[in-house]
Amino acid sequence: MVDPIFDYQFRLILIGDSTVGKSSLLKYFTDGKFAELSDPTVGVDFFARIIEVQDGTRIKLQLWDTAGQERFRSITKSYYRNSVGALLVYDVCNRSSFEHIPLWMMEAKRHIEPHRPVFALVGCKVDLVGTDNKIGARREVSCEEARLFAEENGLHHVETSAKTGLNVEEAFVLVAQEVYNRIQTGEYKVEDGWDGIKTGFNRPNGMDFNLLEAETVQSTCC
Amino acid sequence: MPSSDSEDFESADEGRNSPSKKERKKRLSSSNYSDNLEFDLETKKDAPLAKSNPKDVAKSVDGWDDFDINEEAESSTKNISGKANVIKSDTKPTSVLNTNAKSEIQPEKSQDTGWDDFDDWGDTETSCNIKEDQLKPQSEKKHSNIKDVTERLAAASTKNEGWGWGWGVDSIFSTATAGISTLTSQVSQGISTVLETSIGAPDPEELARKSKDVHSQQTLSKEPSIEKPQFDISKNTDNETSFQFGSLISEVTKFVETTGTKVLAGGLDTLETIGKKTMEVLQDGDPGLAKKRAMLGLDPADKPVLSQVLREAKAKAEEEDRIREQKREAKEVHYESLFDDFEGLVHLEALEMLSRQVSMRIDERLRSVDPSKRQDIKETLQQVAELCEMPDDDEEEEMEESGDMSKPDALHERLLASTRDIGLKMQYQPLIKQYTETLEWLSSDPDLTEKAIYKRAVSSLAQATAFSVEVYHKTAEMLLVKPRRSTADEADALTQMTVVLTKHIGDIATLFTEKLNSITSEDKEQVNSHITNIFLEADNSSKYIQNAFHLALPIIQIGAV
């Protein structure tokens, strides 16, 4: 169970072709585990984890793990709107999954409008690179190429492995920190009717506690 | 909200919030048990759990007779607290307490000249409360002061948990008591002895006058310091006869904790001051307290029993602690946050998005279709909706006792049977697994506490509901990508499934309430309160499930049109 004390909740969505490793990435991030085999996602699944950004603010990441399969495309697009961040996920050993990234990004932009989400380009399965005797295990997307694309489009880029855990944490922290920074600069704010960013469960409700404590202090001053 | 979704996009959330979403939001943002309150306002009234309800507090504060006080005082206190409630129709804990405090002091007051004395106190009070008025003529000060006090009193009684009065009598009491309660009972016995026999204790009136004198001097010489009460505190600790309301807390605490004599001199002083202050407030509009005294039937010759005030303040502080603790516990068994933790809320939300998107598609189809066919479509939609109506009275679900099958297996069987014709591979494992675990937990430890059972009950209900909602969400998604739709079967299957799931929720609630009834507990009231809440949460759970089913309706409907 998730510790309920957090300051903000950010909703992030993971999109990308099927079998690139979105669910595995999330499983590692939230569970610290890697599953060799997993069923394809139906529609959307949910994960959650609390992290801290640089100033110690606690952020609950609510992660929407969308199905990559084509047949769910019409459904998953209904889930974009309330996201404040989108992780564009591809498989470094699958060229076409990278080539579809611009389409995924366009789709996300279109559905998240008028909000402008934080994007991150996340390459998966780097652990497979190097064991290139096996089929499908040769790197098909170079790091430089991906980085270049990311720079051109103003995205963060990171290569990960849900098997070794490499950069998994970083990928999410990167996005969370960026969202948080944009809150600090006033670019993002909590809006009624939009669930991309919400304030923590405990903030408004916890007020009575703060009041009680503050009251004792306050009453020393007439 | 922003409305610039691109026209072609059926972004499910588009457009205005649906009422249900708003409702859910509201629930989310409100405090403990709000969901119950919202759903079950009527029933909730009887629920003993309204912890934050000021009335309850007042009620329990009333029970002062539990406290070990001397017989003489006992009867009068009962009297006072009972009547005080009558006088102050808005029975706030604060006002009740104050009334009591006042009444204790009042007779002693009357031995004096009365008004003059209050004037003095008014001045003292002014010097610490009203910064701007320091240099104004005394009479004017007094006037504004009284007004000020009245206003504050009003403020305090209207908003219960706010800052209340500037000098926060109730927090003074509670802090003072906190300090005092760290002492042994001997000390407080000592206090009461002294008080009641008046041995060695300086005459409070005398002290008060001294205090006032010192004060007015201080005030004249250095009025800016009033802005910084901390400064005063440090000064005043040396001077036992002089203190300000602002420094009461630290004074009381320090005095009580350090020396016995100081307790008597300073602590009692302080309490005297509080009492007088309260008196003054009470007396407003009732000079000499003639009316109130008459109502209370107090003998004017009664000696003040300040120990009584201490005891009552202690009782109040304990009560507050208890409430605070309950609140914390309540958060741990907060259904809504548990439901959220189990991803129930987000599944419901996603289902809502789908539902809205599909509804829009249906509307779109209705708009674009030939008017002659429109009526047909509407009828079809209506028929599907009727298929999805829940059977009204639980037709005693022919409880076919599933032989030697375990309860979870039986549940699995019923769920699978209900959705046999839906044409999808349904996943009930999480529900079954949770049910198994719940049953194991309940039978594992014979020495479960009522609190543990209650916590687990709420958590189990929230989890079962979250899993159920997830089933609806997943089913809706799969139905939408299902190649061949069979609307009637789907409608029937989901209706049956809803019946099974709501019954399952009821079973869980019953399991836990039976367990609660089976344990021996000295606090029967608490157990009953838990049982009531478990049923309330179960009802809540059923509503979530039916809500999810309702959201799935357009998804079933669209298969037919």
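The name that an unreviewed UniProt entry assigns to chain B is Protein FAM114A2, with the source organism given as Parnassius mnemosyne. Its UniProt record gives chain B a comment under Sequence similarities (unreviewed entry), which states: "Belongs to the FAM114 family."

In the annotation of an unreviewed UniProt entry, the entry for chain A reads Ras-related protein Rab-39B, and the organism field reads Parnassius mnemosyne. Looking at the Sequence similarities (unreviewed entry) heading of the UniProt record, one finds this comment for chain A: "Belongs to the small GTPase superfamily. Rab family."

Peer 1: Before we go on, may I ask you to explain the overall build of chain B in this structure?
Peer 2: A tally of regular secondary structure across chain B gives 24 helices and 0 strands. Sequence separation of at least 24 residues holds for 78% of the intrachain contacts in chain B that already meet a minimum separation of 6. For chain B, the exposed area adds up to about 25,400 Å²; of that, 52% sits on carbon and sulfur atoms.

Peer 1: Is there a simple way to explain the packing of aromatic side chains in this structure?
Peer 2: The final tally for this structure, using the stated rule, is 12 aromatic pairs over all chains. Between A:Phe98 and A:Phe149, the aromatic rings sit 6.0 Å apart at their centres with planes inclined by 70 degrees, giving edge-to-face as the arrangement. In this pair, A:Phe98 is assigned in helix α3 (residues 95–99) and A:Phe149 in helix α5 (residues 143–152), connecting sequence segments 51 residues apart. Taking the centre distance of 6.1 Å and the plane angle of 10 degrees together, the rings of B:Tyr335 and B:Phe339 count as stacked. Within this pair, B:Tyr335 and its partner B:Phe339 are both found in helix α17 (residues 335–341), separated by 4 residues, close to a single helical turn. Residue B:Phe339 is classed as buried on the basis of its relative accessible area of 0%. By way of ring pairs, the aromatic residues A:Tyr8, A:Phe10 and A:Tyr180 are connected into one cluster.

Peer 1: What is the right way to look at the nonpolar core in this model?
Peer 2: Nonpolar side chains tend to gather and get buried jointly when the protein is soluble and globular. In terms of nonpolar packing, the biggest core is built from 106 residues, with A:Trp64, A:Tyr79, A:Leu88, A:Leu121, B:Leu415 and B:Met497 touching the most fellow members. Broken down by element, this core gets its largest block of residues, 16 residues, from helix α22 (residues 450–480) of chain B. Sequence-distant contacts of A:Tyr79, that is, excluding residues within four places in its chain, are made with A:Ile13, A:Gly43, A:Val44, A:Trp64, B:Ala350, B:Met353, B:Leu354, B:His473 and B:Glu477. In this structure, A:Val168, A:Val175, A:Ala176 and A:Tyr188 belong to the second largest nonpolar core, which totals 33 residues.

Peer 1: Hey, could you run me through the confidence of the model for chain B in this one?
Peer 2: Regions with low pLDDT should not have their predicted coordinates read in detail. Residues and elements named next belong to chain B. Chain-level statistics for chain B give a pLDDT mean of 68 and a share of 46% at 70 or above. Contacts from residues 1–141, a stretch scored under 50 in pLDDT, to residues over four places away or in other chains number 297 contacts. Every residue in residues 182–188 scores below 50 in pLDDT, and together they form 2 contacts with partners more than four places removed in sequence or on other chains. Two summary scores accompany this predicted model of the complex, namely pTM at 0.58 and ipTM at 0.87.

Peer 1: In this structure, what is going on with the pattern of salt bridges? I would like to understand it.
Peer 2: A pair can form between side chains of opposite charge whenever their charged atoms are brought close. Considering all chains together, one arrives at 25 salt bridges over all chains under this definition. Taking the shortest distance from any N to any O, the salt bridge between A:Lys163 and A:Glu36 comes out at 3.4 Å. Pair noted here: A:Lys163 is in the loop between β6 (156–159) and α6 (168–184) and A:Glu36 is in the loop between α1 (22–31) and β2 (44–52), with a separation of 127 residues, a long-range link. Among the residues examined, A:Lys163 registers a relative accessible area of 45% and is labelled partly exposed. The exposed category is assigned to A:Glu36, whose relative accessible area is 59%. Linked by salt bridges that have partners in common, A:Asp45, B:Lys474 and B:Glu477 make up one network.

Peer 1: I would appreciate a short explanation of the pairing of strand β4 (residues 85–91) of chain A in the present structure.
Peer 2: Two faces make up the sheet, and in a regular strand the side chains alternate between them. Counting buried residues in β4(A) gives 7 out of 7 residues, a clear majority hidden from the surface. Of the two faces of β4(A), the one carrying A:Gly85, A:Leu87, A:Val89 and A:Asp91 and the one carrying A:Ala86, A:Leu88 and A:Tyr90 are both buried.

Peer 1: Is there a simple way to think about α6(A) in this case?
Peer 2: Counting along an α-helix, one turn takes 3.6 residues, and residues three or four places apart therefore face a common direction. Residues and elements named next belong to chain A. The terminal C-alpha atoms of α6 lie 25 Å apart, and with 17 residues this matches the ideal 24 Å at 1.5 Å per residue to within 8%. Among the residues making up α6, those that are buried are Val168, Ala171, Phe172, Val175, Ala176, Gln177, Glu178, Val179, Tyr180, Arg182 and Ile183. Residue glycine 186 follows α6 closely and has a positive phi angle near 90 degrees.

Peer 1: Any chance you could explain the side chain of B:Ser459 here in plain terms?
Peer 2: All names here are of chain B. Locating serine 459 in the fold gives a position in helix α22. Accessibility expressed as a relative area gives 17% for serine 459, which makes it buried. With sequence-adjacent residues up to four places away left out, serine 459 is seen in contact with Leu338 and Phe342.

Peer 1: Would you mind going over the environment of B:Val481 with me for this structure?
Peer 2: Of note, B:Val481 is situated in the loop between α22 and α23 (487–518). A relative accessible area of 16% means that B:Val481 is categorised as buried. Those residues in contact with B:Val481 that sit more than four places away from it in its chain are A:Arg71, A:Phe72 and A:Ile75.

Peer 1: In this structure, what is going on with the pairing of strand β1 (residues 8–15) of chain A? I would like to understand it.
Peer 2: All names here are of chain A. Burial of β1 is extensive: 8 of the 8 residues sit out of reach of the surface. Burial along β1 is two-sided: the residues Tyr8, Phe10, Leu12 and Leu14 and Gln9, Arg11, Ile13 and Ile15 are all buried. Relative to strand β3 (residues 58–66), β1 is paired through 7 bridges, and the arrangement is parallel. Pairing of arginine 11 across the sheet is with glutamine 62, part of β3. Across 3 bridges, the pairing between β1 and strand β7 (residues 197–199) is antiparallel. Bridge pairing in β7 places tyrosine 8 opposite threonine 199. Direction of pairing for β1 relative to β4: parallel, over a ladder of 4 bridges.

Peer 1: Looking at this model, I keep getting lost on unusual backbone geometry. Mind explaining?
Peer 2: Most peptide bonds adopt trans geometry, and most residues besides glycine take a negative phi value. Residues and elements named next belong to chain A. Residue proline 114 is reached from glutamate 113 by a cis peptide bond, and omega for that bond is 5 degrees. On the secondary structure map, proline 114 appears in the loop between α4 (101–112) and β5 (118–124). A positive phi angle is found at threonine 19, which is not glycine, with a value near 65 degrees. Mapped onto the elements, threonine 19 comes out in the loop between β1 and α1.

Peer 1: Can you help me understand the packing of α22(B) against helix α24 (residues 524–557) of chain B in this one?
Peer 2: Working note: a packed helix pair is described by the angle between its axes plus the distance between those axes. Residue and element names in this part refer to chain B. The geometry of α22 relative to α24 is characterised by a closest axis approach of 10 Å and an angle of 5 degrees between their N-to-C directions. As the angle between them shows, α22 and α24 are arranged roughly parallel. Broken down by class, the residue content of the contact of α22 with α24 amounts to 18 nonpolar, 6 polar and 3 charged.

Peer 1: When you look at the packing of helix α21 (residues 429–444) of chain B against α23(B) in this model, what are you seeing that I'm missing?
Peer 2: Residue and element names in this part refer to chain B. Taken N-terminus to C-terminus, the directions of α21 and α23 make an angle of 10 degrees; their axes are 11 Å apart at the nearest point. It follows that α21 is roughly parallel to α23 by the angle criterion. Considering the relative orientation of α21 and α23, their crossing is left-handed. Residues Leu431, Tyr435, Thr438, Leu439, Trp441 and Leu442 of α21 touch α23, and the partners they reach there are Leu501, His504, Asp507, Leu511, Phe512 and Lys515. Taken together, the residues of the contact of α21 with α23 break down into 8 nonpolar, 2 polar and 2 charged.

Thresholds applied
- Residues numbered from 1 in each chain as written.
- Chains lettered and ligands numbered in written order.
- Predicted model: local features only at pLDDT ≥ 70, side-chain atom pairs only at ≥ 80, totals over all residues.
- Heavy atoms only, no water.
- UniProt positions renumbered as here; feature names shortened; annotations may be inferred.
- Helix = DSSP H or I, 4+ residues; strand = E, 2+ residues; numbered from the N terminus.
- Contact = heavy atoms within 4.5 Å.
- Areas by Shrake-Rupley, 256 points an atom, 1.4 Å probe, with all protein chains shown as cover.
- Phe/Tyr/Trp six-rings, centres within 6.5 Å; stacked < 30°, edge-to-face > 60°.
- Buried < 20%, exposed > 50% of the residue type's maximum accessible area, 1.4 Å probe, protein only.
- Core = buried A, V, L, I, M, F, W, Y, C linked by side-chain atoms within 4.5 Å.
- pLDDT = per-residue confidence, 0-100.
- Salt bridge = Lys/Arg side-chain N within 4 Å of Asp/Glu carboxyl O.
- Expected span 1.5 Å × (residues − 1).
- Pairing = 2+ DSSP bridges.
- Axes fitted to C-alpha atoms, helices over the stretch in contact; angles between N-to-C directions.
- Parallel < 35°, antiparallel > 145°, perpendicular 65-115°, else oblique.
- Nonpolar A, V, L, I, M, F, W, Y, C, P; charged D, E, K, R; others polar.
- Left-handed = near helix turned anticlockwise from the far one by under 90°.

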